Amino acid sequence: MIAATLTVPVLAPVELILAEMRQRRGEDATRGLVPGLILPDRAAGWTPASALISGERLGAVLAAAERRWGGSPHAGAALAWKCYTYWLALPAVLGWAAARRVPLLDPDDVLVRVSSRQPFLTVGLRRARVAVLPSDPLAATGGDVTVASSEAELLAVFRDTLRDRHLDPLLAQIRSWVRLGERTLLGSLASGVAHGVLRGVRGDADDLRRTADTLLSALGVADLVNLEPTPDGYAVHRRTCCLAFTLPTPKVCSGCCIRSA
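Residues numbered from 1 in each chain as written. Predicted model: local features only at pLDDT ≥ 70, side-chain atom pairs only at ≥ 80, totals over all residues. Heavy atoms only, no water.

**Concerning the overall build of the protein**
Condition: The numbering of helices and of strands both runs from the N terminus, where a helix is a DSSP run of H or I of at least 4 residues and a strand a run of E of at least 2. The globule rule used for comparison is 2.2 Å times the number of residues to the exponent 0.38, while the radius of gyration itself is calculated over C-alpha atoms. Three labels apply to residues, based on accessible area from a 1.4 Å probe with only protein chains included: buried if under 20% of the type maximum, exposed if over 50%, partly exposed otherwise in between. Under the convention used here, a 1.4 Å probe and the Shrake-Rupley method define accessible areas, while residue burial counts only the protein chains that appear. Positive charge is attributed to Lys and Arg, negative charge to Asp and Glu, and no charge count is given to His or to the chain ends. Just so you know, the charge point we use is NZ for Lys, CZ for Arg, CG for Asp and CD for Glu.
Along the backbone of the protein there are eight helices and 10 strands. Relative to the compact-globule value of 18 Å for 261 residues, the protein shows a C-alpha radius of gyration of 18 Å, a close match. Taken along its principal axes, the extent of the C-alpha atoms in the protein is 55 × 45 × 30 Å. Residue burial in the protein is summarised as follows: out of 261 residues, 52% are buried. Carbon and sulfur atoms provide 50% of the accessible area of the protein, an area that totals close to 11900 Å². If you average the places of the 30 positive and of the 25 negative side-chain charges in the protein, the two averages end up 7 Å apart.

Here is the structure:
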């Protein structure tokens, strides 16, 4: 890879899809992401993801999740993780699908804010850094752009920035606080990625299926969800449970393995 000051908006394809999602599905469709994705300098009340991965601020987030959902500590942690992985992954998923342009999710550059109201958490970026293919107009601009030589290499960057450098260390830290299985947590990542493709990307249903399969395989979680044909396209069915059924007011999600059983 070639580390390649930007002359065009680097996140424009992602912002366009997010705007289309709001038009089609309402404001709630993107409520967990900062408008425009980038936070202003010195924004107050935000925690860098690196402080969650180190454990410095993770306890406060897990305690807030337990209060928010009123269940056990491990159920609260599982649901907080489910929210976080969906909103964190969504810009990268949409960037890949729309323009083969992947926002880089360095834990120091990702900022999180927890709320007692909906959404439970909101994700934003400190700066816009992306990985692109050589054919992308950004490839010659340098600065915060990384150029991947092929789609396979770009998928490797997608995995590296989302899972290897960010979510895997966070998953390990969460499991040091509460008793949760890795497969349970990674199932939420798989579900979030698949839902992100089906909700956000326009296109033929089978093309969306192939896009979802490509990204799930790149992340090593393709075995944790099934995409089942429906009259309107595809539906996501999990092979693990997010533990929402254990809450004081139980919830069984539409694609839950419990419902299938």
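**Quick word on unusual backbone geometry**
Note that the residue after glutamine 118, namely proline 119, is joined by a cis bond; omega there is -10 degrees. Relative to the helices and strands, proline 119 resides in the loop between strand S5 (110–114) and strand S6 (121–125). In this model, leucine 37 sits at a positive phi of 75 degrees, which is unusual for a non-glycine residue. Mapped onto the elements of the fold, leucine 37 is located in strand S2 (residues 33–38). Under the relative-accessibility criterion, leucine 37 is labelled buried at 2%. If you check the backbone angles, arginine 100 has positive phi at about 50 degrees while not being a glycine.

**Looking at the sheet that holds S2**
We apply this condition: Here, a strand pair is defined by DSSP locating no fewer than two bridges between the strands.
Spatially, S2-S6-S5-S3 is the arrangement adopted by the four strands of the open sheet, whose pairing is mixed. Looking at which strands have only one partner, the edges of the open sheet turn out to be S2 and strand S3 (47–48). Relative to S6, S2 runs parallel, the two being bridged by two bridges. Within S6, the position partnered with leucine 33 by the bridge is valine 123.

**As for helix H5 (residues 151–177)**
The cut-off we apply is this: A helix is expected to span 1.5 Å for every residue after the first. One fitted axis covers the seven residues ending at a residue, a second covers the seven starting there, and the bend at that residue is the angle between these axes.
The end-to-end C-alpha distance of H5 is 37 Å, a good match for the 39 Å that 27 residues give at a rise of 1.5 Å each. Its axis deflected by about 40 degrees at aspartate 160, H5 carries its strongest bend there.

**Observations regarding the side chain of aspartate 136**
Test applied: Two N or O atoms count as a polar contact when they lie within 3.5 Å, although within protein this holds only if one can serve as hydrogen donor and the other as acceptor, and sequence-adjacent residues are included solely when both atoms are side-chain atoms. Whether two residues are in contact is decided by their heavy atoms, any of which lying within 4.5 Å being enough.
In this structure, aspartate 136 sits in the loop between strand S7 (130–132) and strand S8 (145–147). The exposure class assigned to aspartate 136 is buried, which follows from its relative accessible area of 9%. At 2.7 Å, the side chain of aspartate 136 forms a polar contact with the backbone nitrogen of leucine 138. Residues within four places of aspartate 136 in sequence aside, it is in contact with Ala99 and Arg101.

**Topic: the confidence of the model for the protein**
Applied cut-off: pLDDT is defined as a per-residue confidence score from the predictor, taking values between 0 and 100.
Taken over all residues, the pLDDT of the protein has a mean of 91, while the share at 70 or more is 91%. In this model residues 2–8 is a low-confidence stretch, pLDDT under 50, and it forms 19 contacts with partners more than four residues away in sequence or in other chains.

**Some points on the packing of aromatic side chains**
How we decide: Stacked, edge-to-face and tilted are the three classes for Phe, Tyr and Trp ring pairs, Trp counted by its six-membered ring, which pair at centre distances within 6.5 Å; planes under 30 degrees apart are stacked, over 60 edge-to-face, the rest tilted.
Per the stated rule, a full pass over the model turns up two aromatic pairs. When the centroid spacing of 5.0 Å and the interplanar angle of 55 degrees are considered together, the rings of tryptophan 69 and phenylalanine 120 count as tilted. With tryptophan 69 in helix H3 (residues 58–69) and phenylalanine 120 in the loop between S5 and S6, this pair connects stretches of sequence that are 51 residues apart. Summarising the aromatic geometry, the rings of tyrosine 86 and tryptophan 87 are spaced 4.8 Å apart at their centres and angled 75 degrees between planes, so their arrangement reads as edge-to-face. Like tyrosine 86, the residue tryptophan 87 is buried in the burial classification.

**Description of the environment of alanine 63**
Structurally, alanine 63 is set in helix H3. Spatially, the C-alpha atom of alanine 63 lies 19 Å from that of proline 169, the residues being 106 residues apart in sequence.

**Describing the pattern of salt bridges**
Put simply, the rule reads: By convention in these notes, a salt bridge is any Lys or Arg side-chain nitrogen within 4 Å of a carboxyl oxygen on Asp or Glu.
Taken as a whole and judged by the stated rule, the model has 12 salt bridges. Among the salt bridges present, the one from aspartate 213 reaches arginine 209, with a minimum N-O distance of 3.0 Å. Of the two residues, aspartate 213 and arginine 209 are both situated in helix H7 (residues 205–219); the distance of four residues between them amounts to about one turn of the helix. Shared partners join several salt bridges into a network, and the residues in it are Asp109, Arg127, Arg129 and Asp144.

**Quick word on the pairing of strand S10 (residues 233–238)**
Inspection of the sheet shows strand S9 (residues 225–230) paired to S10 by six bridges, in the antiparallel sense. Each bridged residue has a counterpart across the sheet, and for asparagine 226 the counterpart in S10 is histidine 237. Following S9, the chain reverses through two residues before pairing antiparallel with S10.

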